[in-house]
Amino acid sequence: MKYTSSTTEVPDAPQVPRHVAMIMDGNGRWATKRFLPRVAGHVKGVEAVRTVVEACANRGVEYLTLFAFSSENWRRPEEEVSLLMRLFMTALEREVSKMHANNIRLRVVGDLSRFDDKLRTMIANAERKTANNTRLTVTVCANYGGRWDIMQAVGKMVAAHPGMTDFSEAQLAPHLAMAYAPEPDLFIRTGGEQRISNFLLWQLAYTELFFTDTYWPDFSIERLDEAIASYQHRERRFGRTGAQLAEKKT
Ligand code: IPE
Ligand code: IPE
Ligand code: MG
């Protein structure tokens with residue numbers, strides 16, 4: 001089991017982020033600005049996903065994680081929720097073969113128990129089909145919440161160590177939904193809000209954060225490269241001083 005933790009050991013700070021995590025926000029406002037229904041923004045947003053997946057694969061990013069539906073998004077009008085579900089299914093139907101042909105692995109994480117059987121079967125099939133692909137792992141977070149993730153991991157950890165009361169990070173981490181991936185190096189949120197909205201709470205401990213006003217449907221390769229360039233100019237100290245880092249380089 002892969003386990004790396006930015007709080008217990010100093011990880012590598014790779015030039016190209018190994019793991020990019022994104023909150024794809026602003027679909028609704030993109031549509032409203034054009035006098036279109038909000039759903040038009042979600043439909044257009046799928047195109048941006050395609051662009052970003054391809055660009056990340058080409059740039060050597062190993063893990064791309066996309067927040068598609070949060071545990072709080074059920075609060076939206078029923079119509080919008082059911083449209084998002086349908087859109088998710090159509091996107092799976094259309095994109096999985098292409099992803100497979102491009103050696104891309106797909107994972108879907110979140111509390112899938114609230115999805116209907118058909119969608120769950122499609123997800124399982126897509127994951128199975130792409131399981132051995134190695135170029136890029138795309139994780140779609142669906143009905144995901146950072147607190148849900150921590151709580152379900154705690155539950156599994158406690159069950160795995162009956163009677164134990166004292167736990168370490170290393171015992172919890174393998175039970176988190178994304179235990180297969182290193183922690184994100186770069187986080188991008190589109191749409192102008194500067195918040196985490198219950199995304200990967202545990203895993204973002206030492207991630208570099210990038211916020212852009214661009215609405216998700218307008219997110220482009222240029223914007224992605226801007227975020228990566230910003231990341232490359234950061235000094236990732238992981239608790240150490242700048243002087244210590246300079247010393248290491250010489
Ligand atoms: C993000 O766009 C997509 C989802 C949350 C599913 P929004 O739908 O939140 O767009 P805004 O924030 O209302 O513009
Ligand atoms: C976060 O976007 C969730 C996704 C992008 C899936 P929201 O638009 O739901 O976030 P808040 O509620 O405005 O923070
Ligand atoms: Mg939003």
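This write-up is about the structure you can find in this document. (Residues numbered from 1 in each chain as written. Chains lettered and ligands numbered in written order. Predicted model: local features only at pLDDT ≥ 70, side-chain atom pairs only at ≥ 80, totals over all residues. Heavy atoms only, no water.)

## Here we look at the site of ligand 1
Around ligand 1 sit M24, D25, G26, N27, G28, R29, R38, H42, A68, N73, R76 and L84, and those are all the residues in its vicinity. At a separation of 3.4 Å, an oxygen atom of ligand 1 approaches a polar backbone atom of G26. Here R29 contributes a side-chain N or O atom positioned 2.7 Å from an oxygen atom of ligand 1. The fraction of the free accessible surface of ligand 1 (380 Å²) that becomes covered by protein chains is 87%. No other element matches the three residues that helix 1 (residues 27–33) contributes to the shell around ligand 1. By residue class, the composition of the shell around ligand 1 is three nonpolar, five polar and four charged. (Near = heavy atom within 4 Å. Polar contact = N/O pair within 3.5 Å; in protein donor to acceptor, adjacent residues only side chain to side chain. Areas by Shrake-Rupley, 256 points an atom, 1.4 Å probe, with all protein chains shown as cover. Helix = DSSP H or I, 4+ residues; strand = E, 2+ residues; numbered from the N terminus. Nonpolar A, V, L, I, M, F, W, Y, C, P; charged D, E, K, R; others polar.)

## Observations regarding the side chain of E208
When you line up the elements, E208 lands in strand 6 (residues 208–211). Exposure remark for E208: the relative accessible area of 15% places this residue in the buried category. Among the polar contacts listed, one links the side chain of E208 to the side chain of R234, at a separation of 3.1 Å. In this structure, E208 is in contact with D185, L186, F187, Y231, R234 and R236, ignoring residues within four places of it in sequence. (Buried < 20%, exposed > 50% of the residue type's maximum accessible area, 1.4 Å probe, protein only. Contact = heavy atoms within 4.5 Å.)

## Remarks on the site of ligand 2
Neighbouring ligand 2 are the residues I23, M24, D25, F67, A68, F69, S70, N73, R76, R189, R195 and S197. D25 has a polar side-chain atom sitting 3.0 Å from an oxygen atom of ligand 2. Between ligand 2 and the protein, one listed contact pairs an oxygen atom with a side-chain N or O atom of R189 at 3.3 Å. In the complex, the protein chains occlude 78% of the 390 Å² of accessible area that ligand 2 would expose alone. In terms of residue count, the dominant contributor to the shell around ligand 2 is strand 2 (residues 63–70) (four residues). The residue makeup of the shell around ligand 2, split by class, is five nonpolar, three polar and four charged.

## Some details on the packing of helix 3 (residues 78–101) against helix 4 (residues 117–130)
Packing of helix 3 against helix 4 leaves a shortest axis separation of 10 Å and a crossing angle of 15 degrees. One way to sum up the angle between helix 3 and helix 4 is to call them roughly parallel. Every pair of crossing elements has a handedness; the one defined by helix 3 and helix 4 is left-handed. Between helix 3 and helix 4, the contacting residues are M85, F88, M89, L92, E93, V96, S97 and H100 on the first element and K118, L119, M122, I123, A126, K129 and T130 on the second. Tallied by class, the residues present in the contact of helix 3 with helix 4 amount to nine nonpolar, three polar and three charged. (Axes fitted to C-alpha atoms, helices over the stretch in contact; angles between N-to-C directions. Parallel < 35°, antiparallel > 145°, perpendicular 65-115°, else oblique. Left-handed = near helix turned anticlockwise from the far one by under 90°.)

## Things to note about the sheet that holds strand 6
Taken in spatial order, the six strands line up as 3-4-2-1-5-6 in an open sheet, and their pairing is parallel. This sheet does not close on itself; its edge strands, each paired only once, are strand 3 (104–109) and strand 6. Each adjacent strand pair in this sheet contributes to an overall mean axis angle of 20 degrees, direction not counted. The strands touched by helix 3 within the sheet are strand 2, strand 3 and strand 4 (136–144), with strand 3 carrying the most contacts at an inclination of about 155 degrees. (Pairing = 2+ DSSP bridges.)

## Some details on the packing of aromatic side chains
In the structure shown here, the tally under the stated rule is 10 aromatic pairs. With centroids separated by 6.4 Å and ring planes inclined at 50 degrees, the aromatic side chains of F187 and F199 adopt a geometry described as tilted. Of the two residues, F187 is situated in strand 5 (residues 186–189) and F199 in the loop between strand 5 and strand 6; the sequence distance between them amounts to 12 residues. Of the residues examined, F187 reaches a relative accessible area of 0% and is grouped as buried. Three or more aromatic residues joined by ring pairs make a cluster, and in this case those are F67, Y144, W148, F187, F199 and F211. Lying over the aromatic face of Y180, R107 brings its terminal NZ or CZ to 4.3 Å of the ring centre. Over the ring of W74 we find R114; its NZ or CZ atom is 4.0 Å from the centre of that ring. (Phe/Tyr/Trp six-rings, centres within 6.5 Å; stacked < 30°, edge-to-face > 60°. Lys NZ or Arg CZ within 6 Å of the ring centre and 35° of its normal.)

## Some points on helix 3
Across its 24 residues, helix 3 extends 35 Å between first and last C-alpha, which sits within 8% of the 34 Å expected from 1.5 Å per residue. Considering bend angle alone, the principal kink of helix 3 is centred on E95 and spans about 40 degrees. (Expected span 1.5 Å × (residues − 1). Bend = angle between axes of the 7 residues up to and from the residue.)

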